[in-house]
Every structure is written in structure tokens, then in C-alpha cells.
Amino acid sequence: MAPSSLQDAAPVVVVGAGQGGLQVAASLREGGFAGPVTVVDTEPGLPYQRPPLSKAFLTDDGGRSRIELRSAAFFDEHGIGLRTGTGVVAIDRTAGKVALEQGEFLDYGHLVLATGATPRALPVPGADQAGVVVLRTLADATTLRGLLRGPARRVVIVGGGFIGLEVAAVAAKLGHQVTIVEVLPRLMARVASPELAAHVAEVHRDHGTEIVFGRCVVALRGAGGAVRAVELDDGTLLDADVVLVGIGAVPKTDLAVRAGLDVDNGVVVDGRLRTSDPAISAIGDCANYPSHHAGRRTRLESVQNAVDQARHVAARIITGSDEPYRAVPWFWTNQFDLRVQMVGIPQDQDERVVHGDQVTGRFSVFRFHDGRLNTVESVNRAPDHVGARKLLATDLRPTAEQVRRAAFKLDPRNFS
Amino acid sequence: MARITYISPAGVKTTVEAEDGSTVMQTALRNNVDGIVGECGGNALCATCHVYVDEAQFAGLGPIVDFEEELLDCTSSPRKDTSRLSCQIPVTGAVDGLIVRLPETQE
């Protein structure tokens, strides 16, 4: 496909106004794209950041404007059509049009799916009662904030992943009695090393939180339509006024499925983030892409992934570039005074080297797979994280032996 | 409310109204001030919202906590005596009239 002429570039429509969808539009304009750009989302209002929803937003009195990504003026000044509060109901690939809820159609030369993901529902009886919440949207966060205000209550967190742990930390700080139920034997089991997981668990316990490992929830008991207890598979009943369900998210792919695009744990894209229809790209939480860093297909839910994939697609639309997407994945979570950062995608079987001090809570875990460094986790050691991001962006990889040496510094210049 | 002035490396001044409770980083993004990236969303994790605070105003901003201190050694453009991460400068009436200069690079 020839690069589009900037003067009469074909319209770009972006489905989803989250961090990724907004970034596509912003990067198109930054790169000088002059054609029409429209961003459509079912959620009303201006695009906002999600990371604060499980942290500061829950304790803050601040309104929506504090977490908005851009002001309303940004969209006017940059000629970006923002259509929020309306969904795309269908894609007509032959005609190059999308249909909106109200029966309107938008033409596209290129379509970007940035539809995100939706929280996985807890498939047990009683999950629809008052006091049972998930956390994804501003509306969810506002509901949860209301539940956490007022007198101390019993909060049960189902799922020991990032969202659950962040909310657990906020709830404990607010004086609630918190219990985390995790079906696997450790926290953040899919992503974190045992060393990191153990440290995080210890910090939560130090704040009075109970953690139940290896059990799953079989029912939510209630009275008068409100939740009162969580029943576990060994018969234990945990009293609960609030239940936060954080057991992962499923990609929103309905639109792609109906349009006949390849879908398999997300919208399937190639190394350039193109779907099975080259006029349609998919990015962020909804996209299943072949990851250079993982050495396999993966689907990541992170701000970094959404933003970097958005920039990549915008650059391709503008220049026609055939560059593969290779940005280094990184993640973070803040819980209490823990500032945890991860770079790279961990593999199941790995060798690990720990630098720093697990007692004082300032350490990094270097994880190797087949003798190659592929993941670095840092707890309150931000310089290691920044260094690791630079290093993993190159093809240089220190050996475990090199990392073990105390004087080791994560500077690419040490290996070139 | 506070008025904050951002000066680009080329000397272009942009003055905007900032909302209390926001940060100097967030205010720049919301007002489309180029030169601040804020890649991590304002969590002091990435050092891409580096600014040089006006010398006379630097001391009035309050202390730099340890995690910001560490990241200031990771900035893309050189750290100076008046370097701060703008995500760690909250907007209050006390910062009205703040002037920050933007570095050549953030990433």
C-alpha cells in the first residue's frame, strides 16, 4: 500500500477512546496526518486514565477532570472528532464504513480497533448482589469509592493480581478489614517471581490484611439483595460488606467477530499490528500480537502497550512504514509504599538473580530464560527499571554470571 | 488555581491556568504543552516529565522524596540543581506564577 498523501488522506476511524485509542489520534496529528480522524467510544465524556482508578482516585475527592487525558479544547484544536457515548455496532469491510448506534455511518480508509477488555465476571451464584463490584471504568471506580467511604467494613478481594492488590492496599489504608482470596499458591502468579510475590504478600500482611491461597469462591451469600459473605470451596464463610472481583479481563472482540476478522484470545494481528484485513489494525488490551520479547503471541493489558502500539499504527498510517512492532513491554503497580516495576515478559521456567535487599524492600529480580535476561522486576529501585528498559530495547543481554557480580550496572554500554 | 509558565528549549513561553490538585505534568498534557511526555501517567516511574524550575522558585516547592531523587539521575537530558519531575509538583495556590524550563529531550 502506498503511503497516504497528507493532503487528501483517507479518513481514520478509531474504535475506543481509552489510552490507546486517544494516542492513535494524537500521534496521527503530531505526525502531520491531515485527513479526518474520528474516535468513537460507548463511554461518555472525555478520555481518561485508568491507572489512578485503583489507586489515588479511590481516596481522592478530585473529580473527573483530574484524570482526563486531554482537555476538550485539544480535540477542537487538532481537528479530532470525538464521538463518546455512542458505540460502533458494525463494520462494513467491503464499503469501508462503520455503523454507529444511532444509525449513522462513518467512512474509513483505515480503521483501528482499540476496544479494550472487560472484567471477567465471577461465575458463581450471588455475584449480582449490591456490594459486589468489578473495576474497569470510571463508573466502577465511583461505585467502589462510595462503598469504601464511611465506617470500617469487611472487604473481600477475589483475585491476587494487580487490581485486587491495589484496591486491597487502599482499603486497608482506609481502615477496612481486608481479606484477599487467591486460587493459586502465590500473588500475581502469572507475572511475578516467587521472590517478588512473597515480598508483596508480606507487606499486605504487615498492614493487617489476610491472604487465603489455594481456595476459590463458590458462592456469594447475601440478604435483601446485598452481599454478606463469601463462601469458599472448603466451606469457609468470610464475612463481607464489599466484594471486589479482580480475576482478569477478557478482550472485547464482538465487533471483530461480527466483521469476520480472525479472533483468538483477542483480535489477531501480525507483527505490524494489522488484523486479517490490512485496512484494519488492532491495538492495546484487545489485540493478540506476536511479541518479539516473549517469542510467542501474547495479549498485554498495560498503558505502555496501548500507547506504544498506538504510536506504531499511527506511524504506519502516515508513512506506510513496514517496521515490525518491537517496543519493550513494561508494567508497574503501587501498593502502600511499594513501587513495583517490571520490564519484559517472564517465561515459566526461569533462573533468577536478586540484587539489593529484600528485608529493607529495595531490590530487583533479574529473570533469565535459556541463559538470556528477559525480565527485570524492581521494588523501590527505579534506576534498575529505567536501566533495564534501555538494555532490553537493545539486543545485548548480560549473563546471570555477569548480573551476579555486585558491581553490575544495568547500562547497555557495559555490554557493547 | 495557579498560573504556570512553560518555556520550551527554543524559548517559547506558554502560560496556562492550572487546577488545584493537578500536577505540573498533568497540566502540561491537558493544555497540549509540548516537551513533557509523562509516559507513566504521573507515578514517578519514568523520568519523562523532567523540568528545570526557575532558580528563585526552586526552594519554595518542598522537598524531593527519595524515589524522585533516584529518578532524577535517570533523566534523558542532564540533571541540574533545579531539576524536578513535574508529576511530583502538585498545583496549589502556592505555585501560582511558577516558571519551568523544558529540557531538550525526555526519552
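Let me begin by describing the structure that accompanies this report. Bear in mind that the values here come from a model prediction, so they are computed numbers and not experimental data.

### Digging into the overall build of chain A
Okay, step 1: Scanning chain A for helices and strands turns up 9 helices and 26 strands.
Okay, step 2: In terms of overall size, chain A behaves like a compact globule, its C-alpha atoms giving a radius of gyration of 22 Å where 416 residues would be expected to give roughly 22 Å.
Okay, step 3: Here the C-alpha coordinates of chain A stretch approximately 65 × 60 × 35 Å along the principal axes.
Okay, step 4: For chain A, with 416 residues in total, the buried portion stands at 56%.
Okay, step 5: Summarising the internal contacts of chain A: among those between residues at least 6 apart in sequence, 60% fall at separations of at least 24.
Okay, step 6: For chain A, the exposed area adds up to about 17200 Å²; of that, 50% sits on carbon and sulfur atoms.

### Overview of the nonpolar core
Okay, step 1: Membership of the largest hydrophobic core comes to 93 residues, with the highest contact counts inside it found for L28(A), I91(A), V98(A), L111(A), L113(A) and L144(A).
Okay, step 2: Ranked by the residues each element gives to this core, the list is headed by helix α4 (residues 162-173) of chain A, at 7 residues.
Okay, step 3: Once you skip the residues sitting within four places of it in the chain, L144(A) turns out to touch L58(A), V133(A), L135(A), V167(A), V242(A) and L244(A).
Okay, step 4: Grouped together as the second largest cluster of nonpolar side chains are 30 residues, V16(B), I89(B), V95(B) and L102(B) included.

### So, helix α8 (residues 382-392) of chain A
An α-helix turns once every 3.6 residues. As a result, residues three or four positions apart point the same way.
Okay, step 1: With 9 of 11 residues buried, α8(A) lies mostly within the body of the structure.
Okay, step 2: For α8(A), every residue scored as buried is listed here: A382(A), D384(A), H385(A), V386(A), G387(A), A388(A), R389(A), L391(A) and L392(A).
Okay, step 3: Where the residues of α8(A) are buried, they touch β22 (330-335), β23 (338-344), β25 (362-369) and β26 (372-379) of chain A together with α3 (66-72) of chain B.

### Details of empty space enclosed by the protein
Residue and element names in this part refer to chain A.
Okay, step 1: On inspection of all chains with the given rule, the structure shows 2 cavities of 30 Å³ or more.
Okay, step 2: If you trace the largest cavity, you find it lined by A17, G18, D41, E43, P44, G45, L46, P47, Y48, R50, R64 and T84.
Okay, step 3: Taken together, the residues that form the lining of the largest cavity break down as 5 nonpolar, 3 polar and 4 charged.
Okay, step 4: Estimates place the volume of the second largest cavity at around 30 Å³.
Okay, step 5: What lines the second largest cavity is Y289, S291, H292, H293, Y325, R326, A327 and P329.

### Brief notes about the pattern of salt bridges
All names here are of chain A.
Okay, step 1: As enumerated under the stated definition, the model contains 31 salt bridges over all chains in all.
Okay, step 2: D270 is paired through a salt bridge with R274; the nearest N and O atoms lie 2.9 Å apart.
Okay, step 3: The class for D270 is partly exposed, based on a relative accessible area of 25%.
Okay, step 4: Residue D350 is joined to R367 by a salt bridge in which the shortest nitrogen-to-oxygen separation is 2.5 Å. Pair noted here: D350 is in the loop between β23 and β24 (351-357) and R367 is in strand β25, with a separation of 17 residues, a long-range link. The two residues D350 and R367 agree in class, both being buried.
Okay, step 5: What you see here is one network of salt bridges that share partners, running through E195, D350, R352, R367 and E377.

### Thoughts on the sheet that holds strand β1 (residues 12-15) of chain A
Residues and elements named next belong to chain A.
Okay, step 1: Across the sheet, 5 strands lie side by side as β3-β2-β1-β7-β19; this open sheet has parallel pairing. Taken across any chain shown, the strands that pair with only one partner, and hence form the sheet edges, are β3 (80-84) and β19 (280-282). For this sheet, the mean angle separating the axes of adjacent strands, direction not counted, is 15°.
Okay, step 2: Relative to strand β2 (residues 37-41), β1 runs parallel, the two sharing 4 bridges. Directly across from V15, in β2, lies its bridge partner V40.
Okay, step 3: On the sheet, helix α7 (residues 303-319) packs against β1, β7 (110-113) and β19 and is oriented at approximately 175° with respect to β7.

### A look at the pairing of strand β12 (residues 210-213) of chain A
Residues and elements named next belong to chain A.
Okay, step 1: Judged from the 4 bridges that link them, strand β11 (residues 177-182) and β12 form a sheet pairing that is parallel. Looking across to β12, one finds that I180 is bridged to I211.
Okay, step 2: Crossover connection from β11 via helix α5 (residues 194-206) to parallel β12: handedness right-handed.

### Concerning the packing of aromatic side chains
All names here are of chain A.
Okay, step 1: Considering all chains together, one arrives at 3 aromatic pairs over all chains under this definition.
Okay, step 2: Summarising the aromatic geometry, the rings of F74 and F75 are spaced 5.3 Å apart at their centres and angled 90° between planes, so their arrangement reads as edge-to-face. The pair F74 / F75 is uniform in exposure class, with both members buried.
Okay, step 3: Each ring, one from Y289 and one from Y325, has its centre 5.6 Å from the other, and the planes form 80°; the classification is edge-to-face. Placement of the pair is Y289 in strand β20 (residues 287-291) and Y325 in the loop between α7 and β22, with a sequence separation of 36 residues. Across this residue pair, the class does not change: Y289 and Y325 are buried.

### Considerations on the sheet that holds β20(A)
Sheet strands line up and pair through hydrogen bonds in the backbone, either parallel or antiparallel.
Residue and element names in this part refer to chain A.
Okay, step 1: Across the sheet, which stays open at both edges, the 3 strands sit in the order β18-β20-β21 with mixed pairing between neighbours. Sheet topology places β18 (267-268) and β21 (296-298) at the edges, where each strand pairs with a single neighbour.
Okay, step 2: As paired strands, β20 and β21 are joined by 3 bridges and run antiparallel to one another. Across the sheet, the residue bridging to P290 is R297, located in β21.

### Concerning the side chain of S54(A)
All names here are of chain A.
Okay, step 1: Turning to its location among the elements, S54 is positioned in the loop between β2 and α2 (72-77).
Okay, step 2: Among the polar contacts made by the side chain of S54, one reaches the main-chain carbonyl oxygen of P51 at a distance of 3.4 Å.
Okay, step 3: Polar contacts involving the side chain of S54 include one to the side chain of E166, which spans 2.5 Å.

Rules used throughout
- Residues numbered from 1 in each chain as written.
- Chains lettered and ligands numbered in written order.
- Predicted model: local features only at pLDDT ≥ 70, side-chain atom pairs only at ≥ 80, totals over all residues.
- Heavy atoms only, no water.
- Helix = DSSP H or I, 4+ residues; strand = E, 2+ residues; numbered from the N terminus.
- Rg over C-alpha atoms; globule rule 2.2 N^0.38 Å.
- Buried < 20%, exposed > 50% of the residue type's maximum accessible area, 1.4 Å probe, protein only.
- Contact = heavy atoms within 4.5 Å.
- Areas by Shrake-Rupley, 256 points an atom, 1.4 Å probe, with all protein chains shown as cover.
- Core = buried A, V, L, I, M, F, W, Y, C linked by side-chain atoms within 4.5 Å.
- 1 Å grid on protein atoms, 1.4 Å probe; cavity = no way out; pocket = protein on both sides within 12 Å on 5 of 7 lines; lining within 4 Å.
- Points joined across faces, edges and corners; volume = space filled by probe spheres on them.
- Nonpolar A, V, L, I, M, F, W, Y, C, P; charged D, E, K, R; others polar.
- Salt bridge = Lys/Arg side-chain N within 4 Å of Asp/Glu carboxyl O.
- Pairing = 2+ DSSP bridges.
- Axes fitted to C-alpha atoms, helices over the stretch in contact; angles between N-to-C directions.
- Right-handed = clockwise from strand over helix to strand, strands pointing away.
- Phe/Tyr/Trp six-rings, centres within 6.5 Å; stacked < 30°, edge-to-face > 60°.
- Polar contact = N/O pair within 3.5 Å; in protein donor to acceptor, adjacent residues only side chain to side chain.

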